[in-house]
Every structure is written in C-alpha cells, then in structure tokens.
Amino acid sequence: MNKKYNNIIRNFFSDYVTWLSILSVLFVISLVAIIISGNANGFIWIIPVLFLVIYCLSFPLLILYCKARKDLQDSNIDRLTIKITKIEQDDTFVFKNGGGATVGKRKYRIIDENGNYYLLSTANDKDMIATFQPDPAFSVEIEVLEKSRLVLGMKLIYESRTKKESKQQKDNITHFKKAFCHYL
C-alpha cells in the first residue's frame, strides 16, 4: 500500500483487525480445549462452527478492505471538491456490544450535493459528531479511493456567509475538524 495513506487505512480498519485477532485467539483456545478434553464428538463441535459463522459476519469489512487495497495498488485515487450536505453515522462497518452501543471508532458517511457518499472514521474511540447544526453545507477538497469510496485526505474550503449562518457553519466546521483531524 502507498505509505502516505497507511495511517488512514490502519485507522479505519483497526477495530476490524482487533476484533479478528481476539476472535482468532478465542477460536484456537476453544479448539485446543475441545481436543484436549477428549470430547471431540457430538454437539461440542458446534462451538467452532459458531466461530466460523461469526467470522462470516465480518465479510462486508473484508470486502471493503480488499477494494481499498486494490484501489491503492492501482492508484485509483480521485481528487474532488465536494459540498457536504449531510453527515451520518454508518452502521454498516461498526462493531456494537450486546446492548447495541458502538464499540471502537465511529464510522461516518459524508454525502455531497449529488448524493455520492464517502466513508471516513473518527480519529479515536471517543470522538463523534453529536451536534451538527442543520444544513452543514461546507465544501472540502478530498482524496478518495474510487471503488471503495474511502476518504484518504481532506482540506476545508471556507466560504463567506451571513453572520448567523457563519456562526452555525463555524460550529459545524469545529466539530468536523475535531472528529476528523487525522484527515486534514
């Protein structure tokens, strides 16, 4: 992968790698315990099968990772100027605990004026965009992977507005900068 974008890719997929590592260790431990206990028959084999089913649940992230890696290898990077019209949490690529709360970095989808979406994640586990004023219409220059739509870098473009609009816009930009500082 391109060294310039390694940190961004690593940041976006770090939760996935951690989850797979933990799941793999638990899988190996349960498999060894089954073999050592000598009860390798009957219903005990349902445990490893359940681990394999859990692995399969992460296929969307694996597919996204493969697309991102292929885009980087082929240098399929677009540089666009977009006007952000909506920022929403993307539940497709997040991990949740038993209570439904998000675990790890939050993943977001920014949507431009043409309805195109771009994927990005917060810099750490604590950041999130909780309060975004209505009409978060500000422009950014982005570097994005063509097929995976994963954002690699951004630069804010400031526009002049009225005093009231500029206050809301300033708040939006402040929240945006805090949550996605590693892209700027």
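Whatever comes next refers back to the structure up there.
Each value, and the rule that gives it
Every chain is numbered on its own, with residues counted from 1 as its sequence reads. Under the rules for a predicted model, residues below a pLDDT of 70 receive no local features and side-chain atom pairs below 80 are neither given nor counted, while totals for whole chains, interfaces and linings still include all residues. Side-chain metrics rest on all non-hydrogen atoms present in the structure, leaving aside hydrogens and water. Helix and strand labels come from DSSP, where a helix needs a run of H or I of at least four residues and a strand needs a run of E of at least two; each type is numbered from the N terminus. In this scheme, a residue with accessible area under 20% of its type's maximum is buried, one over 50% is exposed, and one in between is partly exposed, where area comes from a 1.4 Å probe on protein chains only. Any two residues whose heavy atoms approach within 4.5 Å are treated as being in contact. Note on method: axes are straight lines fitted to C-alpha atoms, helices fitted across the in-contact stretch only, with angles between N-to-C directions ranging 0 to 180 degrees. Convention used here: angles under 35 degrees read as roughly parallel, angles over 145 as roughly antiparallel, angles from 65 to 115 as roughly perpendicular, and any remaining angle as oblique. Left-handed is the label given to a crossing in which the near helix is rotated counterclockwise from the far helix by less than a right angle, and right-handed is the label when the rotation is clockwise. Residue type decides the class: Asp, Glu, Lys and Arg count as charged, Ala, Val, Leu, Ile, Met, Phe, Trp, Tyr, Cys and Pro as nonpolar, and the leftover types, Gly among them, as polar. By the criterion applied in these results, polar contacts are pairs of N or O atoms within 3.5 Å in which, for protein atoms, one can donate a hydrogen and the other can accept it, and in which residues neighboring in sequence qualify only through two side-chain atoms. Patch membership needs two things, relative accessible area over 30% and no salt bridge, and members are linked within 9 Å if like-charged or within 5 Å if nonpolar (Val, Leu, Ile, Met, Phe, Trp, Tyr). Calculation of accessible area relied on Shrake-Rupley with a 1.4 Å probe; when residues are assessed, cover is drawn exclusively from the protein chains displayed. Any carboxyl oxygen of Asp or Glu within 4 Å of a side-chain nitrogen of Lys or Arg constitutes a salt bridge here. DSSP-based pairing: two strands are paired if at least 2 bridges between them are found.

1. Some words on the overall build of the protein chain
Across its full length, the protein chain carries 4 helices and 7 strands. Starting at the N terminus, the α and β elements of the protein chain follow one another as α-α-α-β-β-β-β-β-β-β-α. Taken across its 184 residues, the protein chain has 39% of its residues classed as buried. Look at the contacts in the protein chain between residues 6 or more apart in sequence, and 67% of them connect residues 24 or more apart.

2. Overview of the packing of helix α1 (residues 6-37) against helix α2 (residues 46-56)
Between α1 and α2, the shortest axis-to-axis distance is 10 Å and the interhelical angle comes to 165°. Relative to α2, the element α1 lies roughly antiparallel. By crossing handedness, the relation of α1 to α2 is classed as left-handed. On α2, the residues that touch Trp19, Leu20, Leu23, Ser24, Leu26, Phe27, Ser30, Leu31 and Ile34 of α1 are Ile47, Pro48, Phe51, Ile54 and Tyr55. Its residues assigned to classes, the contact of α1 with α2 comprises 12 nonpolar, 2 polar and no charged.

3. Focus: the side chain of Ser14
For Ser14, the position within the fold is in helix α1. Among the polar contacts listed, one links the side chain of Ser14 to the side chain of Lys105, at a separation of 2.8 Å.

4. Observations regarding the environment of Tyr158
By secondary structure assignment, the location of Tyr158 is in the loop between β7 (151-157) and α4 (163-179). Apart from the residues lying within four places of it in its own chain, the contact partners of Tyr158 are Ile173 and Lys177.

5. Structural notes on a nonpolar patch on the surface
The grouping of Ile22, Val25, Leu26 and Ile29 at the surface amounts to a nonpolar patch, some 370 Å² of accessible area in total. Structurally, Val25 can be placed in helix α1.

6. Digging into the sheet that holds strand β1 (residues 77-89)
Sheet architecture is open: 5 strands sit in the order β5-β4-β1-β6-β7, paired in antiparallel fashion. Of all strands in the sheet, those with a lone pairing partner are β5 (117-121) and β7, marking the two edges. Neighbour to neighbour, the strand axes of the sheet diverge by 45° on average, direction disregarded. Contacts from α1 reach β4 (107-112), β5, β6 (138-145) and β7, with the element oriented near 80° to β5. Against the sheet, helix α3 (residues 59-73) touches β1, β5, β6 and β7, its axis set at about 85° to β6.

7. A closer look at the side chain of Glu143
Residue placement: Glu143 occurs in strand β6. We classify Glu143 as buried; its relative accessible area is 15%. Here the side chain of Glu143 touches Tyr5 through a polar contact of 2.9 Å, side chain to side chain.

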